[in-house]
Amino acid sequence: MDQDEQQDSAQPVAPGATRNEFVRSLSTGLKVLESFSAAEPKLTLSEVARRSGVSRATARRMLLTLVHEGYAYTDGRVFELTPKVLGLGQGYWSGRGWHELLQPSLSELSVQLAESCSAALLVGDEVMYVCRVHTRRIMRIDLALGTKLPAFVTSMGRVLLAELDDETLRHRMQTMPRTAFTQRTVTDPEKLLGIITGVRVKGYAVVDEELEEGLRSVAVPVRDAKGSIVLSLNTSISAGRESAAESVERTLPHLLRCAETVEDLIRSLGDDVGRLTVPQSL
């Protein structure tokens, strides 16, 4: 037993468990896992040992075990966790909602951008908001969970519509209601078709004062393990603060990184992702 294990043996055990039922190595391994964070995903052996409160020798054994099992990767100098770690929470997420799954990632994105951020699914010709983090109120519309908006006039909707094949997309553009919300709203089906096919090429969508005057939004897709778009993430911006190009330059890298994190979460759930609940429509 090394010094760390001797210290662990003096720690209190869980209620209902005896001293012999307390697995010190598991406790130490969990401390090592918890030493990593989104802000610092790559750590040296010394950093892990310091953060987890164990010796370098113990930290090394734990880290190499994680590497062997596929939960961590090392280049010989630093260690980082792999997406396989997300699978440890699969039982927790199964049967829960999109909001619970997405809220931590969207909250971090909102802090990074100092803007409100949302996630939505495509439901018919509309987007349904399944998660939203507010910073300040810049929209007249109260976007609660379950709120639906026309897909053609929202950045997330255009990202989601871009997943449709050309024939289906053209039919949707011609048959869906296309009410003008502002003087800048694009309602012509051919123009919309061109805009949305352009989203496929760019990999993101920008809607500038088409849904509401003074409001701009930037959205990116989130794909499942098969590469299909399952939902979209966006951020809402006051249009008068900067140009559209500046908004894209400032927000897109953060949106794409957040989308990658959410994609890892979705992949970790496998087929159980289909069991995530959605909010009731308002």
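Residues numbered from 1 in each chain as written. Predicted model: local features only at pLDDT ≥ 70, side-chain atom pairs only at ≥ 80, totals over all residues. Heavy atoms only, no water.

> Give a description of the overall build of the chain that names residues and reports values.
What the chain contains, in helices and strands, is 10 helices and nine strands. Relative to its full complement of 282 residues, the chain shows a buried share of 43%. Total accessible area computed for the chain in this model is approximately 14,500 Å², and 51% of it derives from carbon and sulfur atoms. (Helix = DSSP H or I, 4+ residues; strand = E, 2+ residues; numbered from the N terminus. Buried < 20%, exposed > 50% of the residue type's maximum accessible area, 1.4 Å probe, protein only. Areas by Shrake-Rupley, 256 points an atom, 1.4 Å probe, with all protein chains shown as cover.)

> Requested: an account of the sheet that holds strand 6 (residues 148-150), with residues and values cited.
Strands pair in a sheet through their backbones, by hydrogen bonds, and they do so in one of two ways: parallel or antiparallel. Taken in spatial order, the six strands make up an open sheet running 6-5-4-9-8-7, and their pairing is antiparallel. With partners counted over all chains shown, the strands left at the sheet margins are strand 6 and strand 7 (205-208), one partner each. On average, each strand axis in the sheet is tilted by 30° relative to the strand beside it, whichever way the strands run. Lying over the sheet, helix 6 (residues 98-113) contacts strand 4 (116-123), strand 5 (126-133) and strand 9 (229-238), oriented at roughly 65° with respect to strand 5. The sheet contacts of helix 10 (residues 244-269) involve strand 7, strand 8 (215-223) and strand 9, and relative to strand 8 the element is tilted by about 30°. (Pairing = 2+ DSSP bridges. Axes fitted to C-alpha atoms, helices over the stretch in contact; angles between N-to-C directions. Contact = heavy atoms within 4.5 Å.)

> Provide a residue-level description of helix 10, including the pertinent values.
Under the 1.5 Å per step criterion, the end-to-end length of helix 10 is 36 Å for 26 residues, consistent within 8% with the ideal 38 Å. Where helix 10 bends most, at T251, the angle is about 40°, and the proline P253 comes one to four residues later. (Expected span 1.5 Å × (residues − 1). Bend = angle between axes of the 7 residues up to and from the residue.)

> Account for a nonpolar patch on the surface, with residues named and values stated.
The grouping of V23, L26 and L30 at the surface amounts to a nonpolar patch, some 270 Å² of accessible area in total. In this fold, L26 is placed in helix 2 (residues 24-34). (Patch = residues over 30% accessible without salt bridge, like charges linked within 9 Å, V, L, I, M, F, W, Y side chains within 5 Å. Salt bridge = Lys/Arg side-chain N within 4 Å of Asp/Glu carboxyl O.)

> Please provide a residue-by-residue account of the packing of helix 3 (residues 45-52) against helix 4 (residues 56-68), values included.
Where helix 3 meets helix 4, the closest approach of the two axes is 9 Å, and the angle between their N-to-C directions is 105°. In terms of their interaxial angle, helix 3 and helix 4 are classed as roughly perpendicular. Where helix 3 abuts helix 4, its residues L45, S46, V48 and A49 lie against R56, A59, R60 and L63. Broken down by class, the residue content of the contact of helix 3 with helix 4 amounts to five nonpolar, one polar and two charged. (Parallel < 35°, antiparallel > 145°, perpendicular 65-115°, else oblique. Nonpolar A, V, L, I, M, F, W, Y, C, P; charged D, E, K, R; others polar.)

> How would you explain the sheet that holds strand 3 (residues 78-81) if you had to name every residue and give the values?
Across the sheet, which stays open at both edges, the three strands sit in the order 1-3-2 with antiparallel pairing between neighbours. Among the strands making up the open sheet, the edge pair consists of strand 1 (42-44) and strand 2 (72-74). Strand-to-strand twist across the sheet, computed as the mean angle between neighbouring axes with direction ignored, equals 30°. Where helix 3 meets the sheet, it contacts strand 1 and strand 3, and its direction lies at approximately 90° from that of strand 1. The strands touched by helix 4 within the sheet are strand 2 and strand 3, with strand 2 carrying the most contacts at an inclination of about 105°.

> Tell me about the pattern of salt bridges, and please be specific about residues and values.
Using the criterion set out here, one finds 13 salt bridges in the structure. In this structure, R250 and E242 form a salt bridge, with 2.9 Å as the shortest nitrogen-oxygen distance. Looking at R250, the relative accessible area reads 26%, which means it is partly exposed. Overlapping salt bridges bring together E115, R241, E242 and R250 as one network.

> Report on empty space enclosed by the protein, specifying residues and quantitative values.
Under the definition given, this model contains two cavities of 30 Å³ or more. Of the pockets and cavities examined, the largest cavity occupies roughly 110 Å³. When contributions to the lining of the largest cavity are tallied by element, the ones reaching two or more residues are helix 7 (155-161), strand 8 and strand 9. In terms of residue class, the lining of the largest cavity is built from eight nonpolar, five polar and three charged. (1 Å grid on protein atoms, 1.4 Å probe; cavity = no way out; pocket = protein on both sides within 12 Å on 5 of 7 lines; lining within 4 Å. Points joined across faces, edges and corners; volume = space filled by probe spheres on them.)

> Now, about the packing of helix 6 against helix 10: what can you tell me, with residues and values included?
Between helix 6 and helix 10, the shortest axis-to-axis distance is 10 Å and the interhelical angle comes to 160°. The angle between helix 6 and helix 10 places the two elements in the roughly antiparallel class. Handedness of the helix 6/helix 10 crossing: right-handed. On helix 10, the residues touching W98, L101, L102, S105, L109, Q112 and L113 of helix 6 are R250, T251, H254, L255, C258, T261, V262, L265, I266 and L269. Within the contact of helix 6 with helix 10, the residues separate by chemical class into 11 nonpolar, five polar and one charged. (Left-handed = near helix turned anticlockwise from the far one by under 90°.)

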